[in-house]
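In case you want the letters, here they are:
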Amino acid sequence: MKKYINHLLISLAIVFAASSCSLDEKLYDTLPVDALGTDKDLVDLLEGTYGEFNDPAAFKLWGGIMMMMLCADDFTSTNTGTAEFTNFGQKTYSSVDTHQFWDSMYRVIRQANIIESKINGLPEQTDLSYRILAEAQFLRGFAYYYLVRFFGGVPLRLDVVAYDSDFYLPRASVAEIYTQIFKDLEAAEKVLPLQSALTANENGRATKGAAQAILANASLTFGNYIDNEKLTVLTSSTYYQDAIDWCDAVILSGEYSLITKYEDLFDVEKQNNTGEIIFSIQFASDPNKSAQAAAGSEFALRFLPENMFNVTGNTGGTNGGKGGNTILVQPFFYYEYFGDADYSKGEGDMDYRLEKSFFTRWLNTNNGKQIFSFPLKRPTGVVAANRATKPQPYLAKYVDPNGKDSRNHGNDLIITRMSEIYMIKAEAINELHGPTAEALAAFNELRIRARKAGGETPRVLPVDLDASKVPDKDAFRLAVLKEKGLEFVGEGIRWFDLVRMPAPAASGKQTMFDYRFSELANETKFPRKIPTYNENNDRWNPNYGSIWVGLKNICEFQGERNKFRLFPIPKTEIDNNPNLTFQNQNPGW
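Here goes a summary of the coordinates provided.

What counts, and at which threshold
Residues numbered from 1 in each chain as written. Predicted model: local features only at pLDDT ≥ 70, side-chain atom pairs only at ≥ 80, totals over all residues. Heavy atoms only, no water. Helix = DSSP H or I, 4+ residues; strand = E, 2+ residues; numbered from the N terminus. Expected span 1.5 Å × (residues − 1). Buried < 20%, exposed > 50% of the residue type's maximum accessible area, 1.4 Å probe, protein only. Pairing = 2+ DSSP bridges. Salt bridge = Lys/Arg side-chain N within 4 Å of Asp/Glu carboxyl O. Disulfide = S-S within 2.5 Å. Contact = heavy atoms within 4.5 Å. Axes fitted to C-alpha atoms, helices over the stretch in contact; angles between N-to-C directions.

What follows is about helix 15 (residues 418-433). Between the first and last C-alpha of helix 15 there are 23 Å, a value that for 16 residues agrees with the 22 Å anticipated at 1.5 Å per step. Across the 16 residues of helix 15, 14 count as buried, placing the element largely inside the fold. Gly-434 lies just past helix 15 and shows a positive phi near 85 degrees.

Okay, structure coming up:
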């Protein structure tokens, strides 16, 4: 399974092992390009560049969990034993906590620049060199796309660092970064192979469809940025149309489709063969390394409860493959779907995605107790001594009982899949023309699939969204935000959607992030306490309760612009780069 990852690890050990220590930084920065003399050298460096994404500094932990998962409104962490989870889960992080992901993306950029320089200097190009260059351009554009969304304008490095280079670049503007993202991805898209042309060993490599999908996403995001910032020198409609066109390119390619069994997207044995996933960060249970150093993921450990067994590789001692109880679903977030008649009429009659995305009942195989979570009723016929409760459900998308250890699993992180393409298209059409029939049709592709219930007995819910429920652009945006919240829960999309989408005009807010957290600050609607179970009437209260510590600092921020819409530029960069002084730090940090 995942031969590509195993080969990647070998090449990464041979060429430029990922490290953030200062010595390695100097070695990387002064690497002579002439040292790369063969196609194999370039292939090894390219595969090592993909390997950066598996690093804990990137998508395994700091980027993929801390920044992408813990900083929106759907999850939090009350884990007081691990400082980084406390800092991000409770929004007390600072500029000393963000260098890991920053550094990892600049390592990707550095290596992509080396590849580009070497290939451009070849006396003769081959099909292989063209493809390697296209993949390097894709990876550089991809890295800058994450940096610009997390940090805003960042230094734009496009050359190989040498002894006479300008080591200290200032921040480029957001528009300049997007210009380079579009340039890189468009160049890559022209050359990259189709998904169907990849071999089994190439799972996780960039494809034409991946470039088109990221271009669609970036076009929509930049269009939103232009509108939110009221930039009159740029025209958002151009980018919204680009987003539609790139979505159509993916859809009409015939390379991808919505699979019937939604849960197969997250099955470690099926995730590479679904036909829906366009690009993902590939992880594999690593037989040679363990824990943080392993190339395996740790989502299973972090998202699953401590009284659920045989679901992770956490098998040391008496652990029995249990979860780590690190990342918790916000109770109100689940109830916004469970209590909405468009998605649920109660247990046994709900949206298939709601059923498959969350654990609400399970057996504690260690003591035989039946566990049920908020907001479900107790199991019938089970006495109190034989059951226990949890005040929130748990994410069910990351399970791997065959993990090699607690932080070494085969669960991939999906970056983009076909269902998101339909939603990007729907949203971009709405931004241009409002909630037209075409926008509704794209939106409802997800609901049509959900009603198929994985090929089981078709369900009534969720019913198609119709024009009567979304009379204007604002209403449609809110519907998109909610639909994506369920479809992509736990996939690292929510924070990006919140910070980019325009808020309803009547709210007086700029983005959905501002709007959403102003709503969550309303203690009457969202009580600041977790639900508790009442044994006497078999009910939970309150339904819209929250783990308040995960929301407090964002909800109570008093600045002109909520600082949590961007992450702080790392302190290491501020300290070391004279062109990135404290005055260049993001607002509020």
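From this point, the discussion proceeds with the structure in view.
Once that is clear, we can look at the pairing of strand 9 (residues 413-417). In regular strands, side chains alternate between the two faces of the sheet. The element strand 9 is largely enclosed, with a buried count of five among its five residues. With four bridges joining them, strand 2 (residues 277-281) and strand 9 adopt antiparallel strand pairing. The residue bridging Ile-277 from the neighbouring strand is Arg-417, located in strand 9.

Bringing the pattern of salt bridges into the picture now. Scanning the entire structure with this criterion turns up 49 salt bridges. For the salt bridge of Arg-561 with Glu-229, the shortest nitrogen-to-oxygen distance reads 3.0 Å. Taken together, the residues Arg-561 in the loop between helix 20 (552-555) and helix 21 (571-576) and Glu-229 in helix 10 (residues 208-229) connect sequence positions 332 residues apart. Among the salt bridges present, the one from Asp-264 reaches Lys-270, with a minimum N-O distance of 3.4 Å. On the accessibility criterion, Lys-270 (36% relative accessible area) is partly exposed. Salt bridges here are not isolated pairs; linked through shared partners, they connect Glu-276, Asp-351, Arg-353, Lys-397, Arg-417, Arg-447, Arg-449, Glu-483, Glu-487 and Glu-491.

This brings us to unusual backbone geometry. In this chain, Phe-374 is followed by Pro-375 through a cis amide linkage whose omega measures 0 degrees. Locating Pro-375 in the fold gives a position in the loop between strand 6 (369-373) and strand 7 (387-390). Here the residue pair Asn-541 and Pro-542 is connected by a cis peptide bond, since its omega of 0 degrees sits within 30 degrees of zero. The topology assignment puts Pro-542 in the loop between strand 11 (539-541) and helix 20. Phi at Asn-325 is positive, roughly 55 degrees, even though this residue is not glycine. Here Asn-325 shows up in the loop between helix 12 (299-303) and strand 3 (328-329). Positive phi, normally seen in glycine, also occurs at Ala-453, with a value near 50 degrees. Its location among the elements puts Ala-453 in the loop between helix 16 (437-451) and helix 17 (473-487).

Okay, the state of the cysteines next. Following the criterion strictly, the structure yields zero disulfides and no others. In this structure Cys-71 is not part of a disulfide, and its nearest cysteine sulfur, from Cys-555, lies 14 Å away. Judged by its relative accessible area of 14%, Cys-555 is buried.

Here the focus is the environment of Ile-244. Mapping Ile-244 onto the fold places it in helix 11 (residues 236-253). Residue class for Ile-244 comes out buried when judged on its relative accessible area of 6%. C-alpha separation for the pair Ile-244 and Lys-322, spaced 78 residues apart in sequence, amounts to 44 Å. Once residues within four sequence positions are removed from consideration, Ile-244 is found in contact with Lys-425, Ala-428, Ile-429 and Leu-432.

On to the sheet that holds strand 5 (residues 361-364), then. In spatial order, the strands read 5-6-7; together these three strands make up an open sheet with mixed pairing. The sheet is open, and its two borders are formed by strand 5 and strand 7, each paired with just one other strand. With direction set aside, neighbouring strand axes in the sheet form an average angle of 30 degrees. The pairing of strand 5 with strand 6 spans four bridges and is antiparallel. Counted as the bridge partner of Leu-363 is Gln-370 from strand 6.

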